[in-house]
Amino acid sequence: MAYVLHPTGNKGGGDPSHAVIQLKPDGTYVLLIGAMDLGQGAPTILRQVAADALGVPIEKILVSNYDNLLPLSVSTSGSRVTLIDPHAVVNAAEDLKRQIREWFAQQHEANPEDVEIEGETVYVRGDRERTVMTMEQVAMGAAWGGGYEPASLIGRGAWQPGKYHAHDPETGEMPNVGAISFGAALAEVEVDTETGTVDVLRFAQVWEVGKAINPLLVRQQINGGYCIGAGFALTESCYPYFPSVEYAPEKMGDYFMPTFEDYPQQMIFGIEEVPHPNGVQGAKGFSEGSASGPPPAIASAIHDAIGVWITEFPITPEVILRALEAKQAGVES
Amino acid sequence: MTQYVGQAMPRYDGIGQVTGTTKYVDDIVLPGMLYAKCLRSPVHKGIIRHLDLSAAERTPGVVGVLTAQDVPGQNIYGASGDQPVFNPDHIRYKGERIAAVVAVDEDTCMEALEKVKLEIEEQEPVFDMFEAMKPGAPIVRPGTTHNLHEYMPGMTTRVIKLGDVEQGFAEADLIIEGRYQTTQQDHAPIEPHVSVAYLDPANRLVIHTVSQCLYFHLSQLVRVFGLPMSQIRYIGGTIGGGFGGKNDIHADHVAGLAALKFRKPVKYRETRREDLRYSGKRGVFVMEYKTGVKKDGRLVANHIKEYHDTGAYGGFSAYATEKCGMFASGPYWIPNILVEAKTIYTNKVVSISMRGFAIINGQSTMEIQMGKIAEALGMDPWELRFINAWRDGDMGASRYIVRGAGALEAMKKAAELAGVQLPAHLMAMSSRRR
């Protein structure tokens, strides 16, 4: 077994994301975000967050992370997007709603605090009958003017998990951490003591993620993380004959990443949720961590099988055979 | 109110990808587009004595060449600001870019590259970080006297300490030591590094990128091109896998420089071979642990010596060394921790970020350490972890406070799903309190 952590966000804080939400003249929305998607699904979850923050059907929102003039997101790295970008999106949605209230109050000579936004319906509290408009009418009025005052309704939001705090030179103190996720991994392996090969038969990995914004994508991340972690654990090396560096892989055929053939016969996924105070609806990032569970879980299962603690990765057949030889020779590996 | 958060929804952009209609950067083909290929160093370390590109330049179909002299801004990029786009003199790793040939197609580029006359005075390289730390070792960075990263001037070890580790060892009933090494791993995404650049009608430089961090890279590229940010349209968003490898610039600088010089669209892409051999990798870590524990299983001290091989340039490695150290004691409450962490230069390709960057190394190794401790104590490995797992309010190595912890809950769930029966006293424990 293995039990590991993954910190969310870049080290030390000061790691912002920005978001912009534009209300289009027909009452639909465009969410502009700088978060790049490597396949983990940033636009998908940020659209979910935006739909909740605006209280509108998700189909009304287009997410673009490939336009010109994107607002800044420090990077898609450090499992930071799920913790940080949702705050930027929520702040942009709140800013947009504030502008809508102000514009609406101006048109109806009311107080912005009295303007109620219920999803796609806007009215002045206590005067609903006379003032009610759909968001489409609001958007059209603000955009085209005509009988209304024109206004550029564009919400902006930014957030970072605290200001950057450099390491203290004496103690290394760096107290600012966005959030920490927790993983537990279990492996069952078969070790061929003749050839040294390791076959992972069953694997389970659970991540405590605060709140799974999208459980399907969480599961996919755990799945993908397994492959990177299992490659790290068992097969992948850019210098397989180190200290000689003259031989290096140059095609996929000689760089041994796990394939479907290496996938365990049984894979168990689990999600646990303990809402984190720093996250939107409790959500924190975890995805990179799912690569960290497999190496120690596999190493631990190998120990269980052959009674040796292997201390180097990747645990290639050669490493296994040498460890078995050393064990036989009575030398502690 | 709507409630979309918490719903399992398919990927927003998934349909295009599974039906093959999504256009990736390498799918972009523009009228009159040129291609670039780079001349790379055939040696690990040396000094360029002579470079003659004239025969390459005269090859039919070749439009021109690029060297360090064609960089309008500063010939520097990388997270540490220490990598030349085209190395003009001191080669630090095999495969380092020296020049580029720009031609009507890639075959012509390759033909021209064969005609380049390059003389390098080879020097003795160093590949192993412990060799690199010995007195008299070959020096990786010209103009320096040693191969260690300096966190501050003169400071070659990053120290992170909590409590008093010596006192902790004095209280310990058992001390377990271990030395571990992690692997150098490649990202190997389906899509290798690629970039397409051209000038738009407003004479703005447009770059289609596979970057996973637009603004990081834009900040580096403006320096290389000598252009303000407003003069670059940097379009990303569609990436065929990255895993951290696209957190470093590998192609945009070359494509952009070529488009600026030749004022035509230019595509620059790495082959799989170039990607596997010369692109950045996950760096090797060696972790030395000395962990003190009480007979009842409570961890009382952890002394970690950490060594991280950054390769030929700095990249994000010093950051990663520190981050690894901050978390390398695992998700456990240990009152006394001392981390001494070094980042070492060698003549290997540059170490860069990769999924689980700086975390996978410390977690994997500390967990083997925990396995050894459980064995030495004759204690159930679950029990050892439950006793020491972080609860809310616990403190980590760099004095961060643990909040919203779901540590025990994750382990309980894993046991339940895998059919492991945990004893009642463990099931009664919670991350809310110790």
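Every value quoted in this text rests on a predicted model; they were computed, and no experiment measured them.

K.L.:
So what's going on with a negative patch on the surface? Which residues, and what values?
P.N.:
All names here are of chain A. Taken together, the side chains of Glu190, Asp192, Glu194, Asp199, Glu261 and Asp262 make up a negatively charged region of the molecular surface. Within the element layout of this structure, glutamate 261 appears in the loop between α5 (215-235) and β11 (266-272). With a relative accessible area of 74%, glutamate 261 lands in the exposed category.

K.L.:
Describe the sheet that holds strand β7 (residues 158-162) of chain B, naming the residues involved and giving the relevant values.
P.N.:
All names here are of chain B. With mixed pairing, the 5 strands of this open sheet are ordered in space as β7-β15-β14-β13-β8. Where the open sheet ends on each side, the last strands, each with one partner, are β7 and β8 (174-181). Shown here is a sheet whose adjacent strand axes are inclined to one another by a mean of 10°, direction ignored. Relative to strand β15 (residues 337-345), strand β14 (residues 299-311) runs parallel, the two being bridged by 9 bridges. Considered in β15, the bridge of histidine 308 is made with threonine 343.

K.L.:
Pulling in residues and values, what's your account of the nonpolar core?
P.N.:
Judged by nonpolar contacts, the single largest core of 103 residues is most densely connected at A:Ile298 and A:Ile302. Among the nonpolar cores identified, the runner-up in size contains 46 residues, and A:Leu23, A:Ile100, A:Phe104 and A:Ala283 belong to it.

K.L.:
Give me helix α7 (residues 252-262) of chain B: which residues, what numbers.
P.N.:
Residues and elements named next belong to chain B. Counting buried residues along α7, 10 of its 11 residues qualify, which places the element largely inside the surrounding structure. Those residues of α7 that sit buried are Asp252, His253, Val254, Ala255, Gly256, Leu257, Ala258, Ala259, Leu260 and Phe262. In the stretch just after α7, arginine 263 is the one whose phi turns positive, near 55°.

K.L.:
Describe the packing of aromatic side chains, listing the residues and the values that go with them.
P.N.:
Applying the stated criterion to the full structure yields 16 aromatic pairs over all chains. Where A:Trp103 meets A:Tyr148, the ring centres are 5.5 Å apart and the plane angle is 45°; that geometry is what we call tilted. Placement of A:Trp103 in helix α2 (residues 81-107) and of A:Tyr148 in the loop between α4 (135-144) and β8 (154-159) is noted, with a sequence separation of 45 residues between them. Looking at A:Trp103, the relative accessible area reads 3%, which means it is buried. On the basis of relative accessible area, A:Tyr148 is assigned to the partly exposed category, the value being 35%. One aromatic cluster is present, formed by A:Phe182, B:Phe327, B:Trp390 and B:Tyr400 through successive ring pairs. Sitting over the face of the ring of B:Phe169, B:Lys290 holds its NZ or CZ atom 4.4 Å from the ring centroid.

K.L.:
How would you sum up the domain arrangement of chain A? Please name residues and give values.
P.N.:
Residues and elements named next belong to chain A. For chain A, the assigned domains read domain 1 (17-159) and domain 2 (179-328). Computed from C-alpha coordinates alone, the two centres of domain 1 and domain 2 are separated by 41 Å. Note on domain 1 versus domain 2: buried area summed over both sides is about 1,200 Å², and carbon and sulfur give 60% of it. Together, Ser79, Thr82 and Leu83 form the three largest contributors to the area buried by domain 1 at its contact with domain 2, with a combined 41%. Counting across the domain 1 and domain 2 interface gives 0 salt bridges. Across the domain 1-domain 2 interface, the total number found is 6 residue pairs in polar contact (both at pLDDT 80 or more). Among the secondary structure elements, those contributing two or more residues to the side of domain 1 that touches domain 2 are α1 (42-54) and α2.

K.L.:
Summarise the interface of chain A and chain B; cite the residues concerned and give the values.
P.N.:
If you look at the interface, chain A gives 116 residues, while chain B gives 102 residues. When chain A packs against chain B, close to 9,100 Å² is buried across both sides, 63% of that on carbon and sulfur atoms. Taken together, chain A and chain B are joined by 6 salt bridges. The partner of B:Arg273 in a salt bridge is A:Glu250, with the nearest N and O atoms 3.1 Å apart. At the boundary of chain A and chain B, one finds 48 residue pairs in polar contact (both at pLDDT 80 or more). Elements with a minimum of two residues in the side of chain A that touches chain B: β1 (2-8), α1, β4 (61-64), β9 (179-191), β10 (198-208), α5, β11 and α6 (294-306) of chain A. Looking at which element gives the most residues to the side of chain A that touches chain B, the answer is α5(A), with 9 residues. A per-class count over the side of chain A that touches chain B returns 63 nonpolar, 34 polar and 19 charged.

K.L.:
Summarise helix α9 (residues 317-327) of chain B; cite the residues concerned and give the values.
P.N.:
With respect to burial, α9(B) is a largely interior element, 10 of its 11 residues being buried. Within α9(B), the full set of buried residues consists of B:Ser317, B:Ala318, B:Ala320, B:Thr321, B:Glu322, B:Lys323, B:Cys324, B:Gly325, B:Met326 and B:Phe327.

How each quantity is defined
- Residues numbered from 1 in each chain as written.
- Chains lettered and ligands numbered in written order.
- Predicted model: local features only at pLDDT ≥ 70, side-chain atom pairs only at ≥ 80, totals over all residues.
- Heavy atoms only, no water.
- Patch = residues over 30% accessible without salt bridge, like charges linked within 9 Å, V, L, I, M, F, W, Y side chains within 5 Å.
- Areas by Shrake-Rupley, 256 points an atom, 1.4 Å probe, with all protein chains shown as cover.
- Salt bridge = Lys/Arg side-chain N within 4 Å of Asp/Glu carboxyl O.
- Lys, Arg positive; Asp, Glu negative; His and termini not counted.
- Charge placed at Lys NZ, Arg CZ, Asp CG, Glu CD.
- Helix = DSSP H or I, 4+ residues; strand = E, 2+ residues; numbered from the N terminus.
- Buried < 20%, exposed > 50% of the residue type's maximum accessible area, 1.4 Å probe, protein only.
- Pairing = 2+ DSSP bridges.
- Axes fitted to C-alpha atoms, helices over the stretch in contact; angles between N-to-C directions.
- Core = buried A, V, L, I, M, F, W, Y, C linked by side-chain atoms within 4.5 Å.
- Phe/Tyr/Trp six-rings, centres within 6.5 Å; stacked < 30°, edge-to-face > 60°.
- Lys NZ or Arg CZ within 6 Å of the ring centre and 35° of its normal.
- Domains from an automatic or database assignment.
- Buried area = accessible area lost by both parts, 1.4 Å probe.
- Polar contact = N/O pair within 3.5 Å; in protein donor to acceptor, adjacent residues only side chain to side chain.
- Contact = heavy atoms within 4.5 Å.
- Nonpolar A, V, L, I, M, F, W, Y, C, P; charged D, E, K, R; others polar.

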